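# Coordinate inspection notes
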There are 2 protein chains.
Amino acid sequence: MKTHLEYEKPMDIEARSMELIATELPHPLDPENEAVIKRVIHTTADFDYVDNLTFTPGAVAKGVAALRDGCSIVTDTTMAQSGINKRALARLGGRTLNFIADPQVAAEAKARGVTRSAVSMERAAALGEPLIYAIGNAPTALIRLCELVQAGEMTPPALVIGVPVGFVNVVEAKELLLRTEVPSIVARGRKGGSNVAAAICNALLYQAAGARD
Amino acid sequence: MKTHLEYEKPMDIEARSMELIATELPHPLDPENEAVIKRVIHTTADFDYVDNLTFTPGAVAKGVAALRDGCSIVTDTTMAQSGINKRALARLGGRTLNFIADPQVAAEAKARGVTRSAVSMERAAALGEPLIYAIGNAPTALIRLCELVQAGEMTPPALVIGVPVGFVNVVEAKELLLRTEVPSIVARGRKGGSNVAAAICNALLYQAAGARD
């Protein structure tokens, strides 16, 4: 059985998808944030992100500039890390970092009675580099990051992508982030996810590389 | 700054999340499919999955039985593979498989003018094992799989999780799958994703292992 559906070129499909998304938007988007919002909708088929994505002033420009400077990206899950275009990131001089699977992180989390996600953020902060933090899963990662920032105990992040998903502590953790001075991109409310975190990173990467958006 | 938000145990948070989801469901769920639907909502915070998730008769029971028999899971993306609880799968004797990053798959796709996703499904089918196929991204993977099944050119899948996301060929690919005889779990419409594919695998795994659901 052959079908007309198959085997279009992925880049053609992406371009047509972005056109379709543009025609279905409920209202015009801020041009500065448009590429990020459209890529998240492309990843989720969920137009709720048109209005729940929240950008602190200049957040996209700051993220793009950081990536052009070779900034690396820390994620809270291996799934978000897996979704980031590592080739595009490497061309700019950056890499992805993730400490969640480190046995020492697990041991320390258990000993202190905290989450592995929170300890993994401490590990990233201890590198002393300005990093992009992409958090798509664990509100405790985001909360610990906010604490470290507020206490002046870390090099300020270049950008925090705060898009954990879920029903417990998630809304509150995102609002906590928005009350800090850190440049951030946040999916307000319950929605988000590792796929959303990776999509936002990729939208910034393609802008930084001057391609695909 | 300390906050009451932080450092709850992940398993407690999950249990509370599942309770919250249960209270917000728009209508009762089929008990057979409830664990899968709730885990997808847990992963997405999107109640659209209550009604768009479609199960062929006995699909959950067939997936659980296959996993108990040591069945492996093929994914169309490394991101879906990354989200599957590989420890739980290994305890049952299964493993995850993914061929998308194989340079030979890329070379063959280029030579034939087809997608890497489609060729990666052919690679899995060529193993001659009954497998669970979890497709969260590429409609062309799903379409190629349907073609191979319809042509009798592969060992029938134990289950197909057909949840690609997007705007081009996605709805049609899912309907194509539902017209086959293959046991399937499908997110009808545009929604889905690698995270949804992994969540469905994990819900089946936890049922197969007799824990967490």
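Description of the structure in this document. These numbers come from a predicted model, not from an experiment.

### Describing the overall build of chain A
When you go through chain A residue by residue, the secondary structure sums to 11 helices and 6 strands. Its C-alpha atoms give chain A a radius of gyration of 17 Å, within 12% of the compact-globule value 17 Å for 213 residues. If you line up chain A on its principal axes, its C-alpha atoms span 55 × 35 × 35 Å. Residues counted as buried form 61% of the 213 residues belonging to chain A. The long-range fraction of contacts in chain A, counting pairs at least 24 apart against all pairs at least 6 apart in sequence, stands at 63%. Approximately 8,500 Å² of chain A is accessible, and the part contributed by carbon and sulfur atoms is 52%. Put simply, chain A has 22 plus and 24 minus side-chain charges, and the middle of one group is 5 Å from the middle of the other.

### Focus on the pattern of salt bridges
Across all of its chains, the model carries 26 salt bridges over all chains by this definition. Of the charged contacts, one joins Glu122(A) and Arg144(A) as a salt bridge, the two residues approaching to 2.6 Å between their closest N and O atoms. Of this pair, Glu122(A) sits in helix α8 (residues 116-125) while Arg144(A) sits in helix α9 (residues 139-150); the two residues are 22 residues apart in sequence, bridging distant segments of the chain. This pair shows no difference in class: Glu122(A) is buried, exactly as Arg144(A) is. One salt bridge in this structure joins Lys191(B) and Asp46(B), with 2.7 Å as the shortest N-O distance. Taken together, the residues span a long stretch of sequence, with Lys191(B) in the loop between β6 (184-187) and α11 (194-208) and Asp46(B) in the loop between α2 (34-44) and α3 (49-52) at a distance of 145 residues. Assigned by exposure class, Lys191(B) and Asp46(B) land together as buried. A single network of salt bridges, built from pairs that share partners, joins Asp46(A), Asp48(A), Lys191(A), Asp46(B), Asp48(B) and Lys191(B).

### Remarks on the environment of Pro164(B)
All names here are of chain B. Relative to the assigned elements, Pro164 resides in the loop between β5 (159-162) and α10 (170-178). Counting along the chain gives 22 residues from Pro164 to Val186, while the straight-line C-alpha distance between them is 8.9 Å. The contact partners of Pro164, leaving out residues within four places of it in the chain, are Ile135, Gly136, Asn137, Ala138, Pro139, Leu142, Val170, Lys174, Arg190, Lys191, Gly192 and Gly193.

### Regarding unusual backbone geometry
Look at Asn169(A): it is not a glycine, yet its phi comes out positive at around 70°. Positionally, Asn169(A) belongs in the loop between β5 (159-162) and α10 (170-178). Since its relative accessible area comes to 9%, Asn169(A) is described here as buried. Residues other than glycine seldom take positive phi values, yet Ala45(B) does so here, at roughly 55°. By the secondary structure assignment, Ala45(B) is in the loop between α2 and α3.

### Quick word on the packing of aromatic side chains
Inspection of every chain in the model, using the stated rule, returns 2 aromatic pairs over all chains. On the basis of an interplanar angle of 90° and a centroid distance of 6.0 Å, the ring pair of Phe47(A) and Phe167(B) is categorised as edge-to-face. Of this pair, Phe47(A) sits in the loop between α2 (34-44) and α3 (49-52) while Phe167(B) is found in the loop between β5 and α10, placing the two residues in two different chains. Assessed through its relative accessible area of 21%, Phe47(A) is described here as partly exposed. Its relative accessible area of 9% is what places Phe167(B) among the buried residues.

### Digging into empty space enclosed by the protein
In the structure shown here, the tally under the stated rule is 2 cavities of 30 Å³ or more. What lines the largest cavity is simply Thr44(A), Asp46(A), Tyr49(A), Gly192(A), Asn195(A), Thr44(B), Asp46(B), Tyr49(B), Lys191(B), Gly192(B), Asn195(B) and Val196(B). Residue composition of the lining of the largest cavity, by class: 3 nonpolar, 6 polar and 3 charged. No other element matches helix α9 (residues 139-150) of chain B, which puts 3 residues into the lining of the second largest cavity.

### Considering the relation of the copies chain B and chain A
Between chain B and chain A, the superposition needs a rotation of 180° and an axial shift of 0.0 Å, giving an RMSD of 0.0 Å. Taken together, these values place the two copies in the relation of a two-fold axis. Every residue of chain B has its C-alpha some distance from the rotation axis, and the shortest such distance is that of Met79(B), at 2.7 Å. The fraction of interface residues of chain B whose copies in chain A are also interface residues reaches 100%, indicating that both copies meet through the same surface.

### Quick look at the packing of α9(B) against α10(B)
The description of two packed helices rests on the angle between their axes and on the distance between the axes. All names here are of chain B. Remark: α9 packs on α10, axes separated minimally by 9 Å, with the N-to-C direction vectors making an angle of 25°. In terms of axis orientation, α9 runs roughly parallel to α10. In this structure, the crossing between α9 and α10 has a hand that is left-handed. Contacts from Pro139, Leu142, Ile143 and Cys146 of α9 reach α10 at Val170, Ala173, Lys174, Leu176 and Leu177. A breakdown of the residues in the contact of α9 with α10 according to their chemical character gives 8 nonpolar, no polar and 1 charged.

Calculation rules
- Residues take numbers from 1 onward in each chain, read along the sequence in its written order.
- Whichever chain is written first is A, and whichever ligand is written first is 1; the rest continue in order.
- Selection of residues for local features in this predicted model requires a pLDDT of at least 70, selection of side-chain atom pairs for listing and counting requires 80 or more, and totals for whole chains, interfaces and linings are taken over all residues.
- Each side-chain value is worked out from all heavy atoms of the structure, with water and hydrogens disregarded.
- Each helix corresponds to a stretch of at least 4 residues labelled H or I by DSSP, and each strand to a stretch of at least 2 residues labelled E; elements are numbered beginning at the N terminus.
- Taken over C-alpha atoms, the radius of gyration is set against a globule rule of 2.2 Å times the number of residues to the power 0.38.
- Buried means the residue's accessible area, taken with a 1.4 Å probe over protein chains only, is under 20% of the maximum for its type, while exposed means over 50%, and partly exposed covers the values in between.
- In what follows, a contact means two residues having at least one pair of non-hydrogen atoms within 4.5 Å.
- Per-residue and other accessible areas were derived by the Shrake-Rupley procedure at a 1.4 Å probe size, with only the shown protein chains allowed to occlude residues.
- Here the positive residues are Lys and Arg and the negative ones are Asp and Glu; neither His nor the chain ends is included.
- Lys charges are placed at NZ, Arg charges at CZ, Asp charges at CG and Glu charges at CD.
- In the sections that follow, a salt bridge refers to a side-chain nitrogen of Lys or Arg positioned within 4 Å of a carboxyl oxygen of Asp or Glu.
- Working definition: rings of Phe, Tyr and Trp (its six-membered ring) pair if their centres are within 6.5 Å, and the pair is stacked with planes under 30 degrees apart, edge-to-face with planes over 60 apart, and tilted otherwise.
- Definitions used throughout: a 1 Å grid over protein atoms alone; a cavity as a set of points that fits a 1.4 Å probe which cannot get out; a pocket as an open set with protein on both sides within 12 Å along at least five of seven lines; a lining residue as one with an atom within 4 Å of a point.
- Grid points are joined across faces, edges and corners, and a volume is the space filled by probe spheres set on the points.
- Under the grouping applied here, Gly and all other residues not named as nonpolar or charged are polar, the nonpolar ones being Ala, Val, Leu, Ile, Met, Phe, Trp, Tyr, Cys and Pro and the charged ones Asp, Glu, Lys and Arg.
- Least-squares fitting of one copy onto the other uses the C-alpha atoms of those residues that reach a pLDDT of at least 70 in both copies.
- In this analysis an axis means a line fitted to C-alpha atoms, helices contributing only their contacting stretch, and an angle means the value between N-to-C directions, from 0 to 180 degrees.
- In what follows, roughly perpendicular refers to angles from 65 to 115 degrees, roughly parallel to angles under 35, roughly antiparallel to angles over 145, and oblique to any angle outside these ranges.
- Crossing handedness: left-handed means the near helix sits turned counterclockwise from the far one by under a right angle, and right-handed means the same turn made clockwise.

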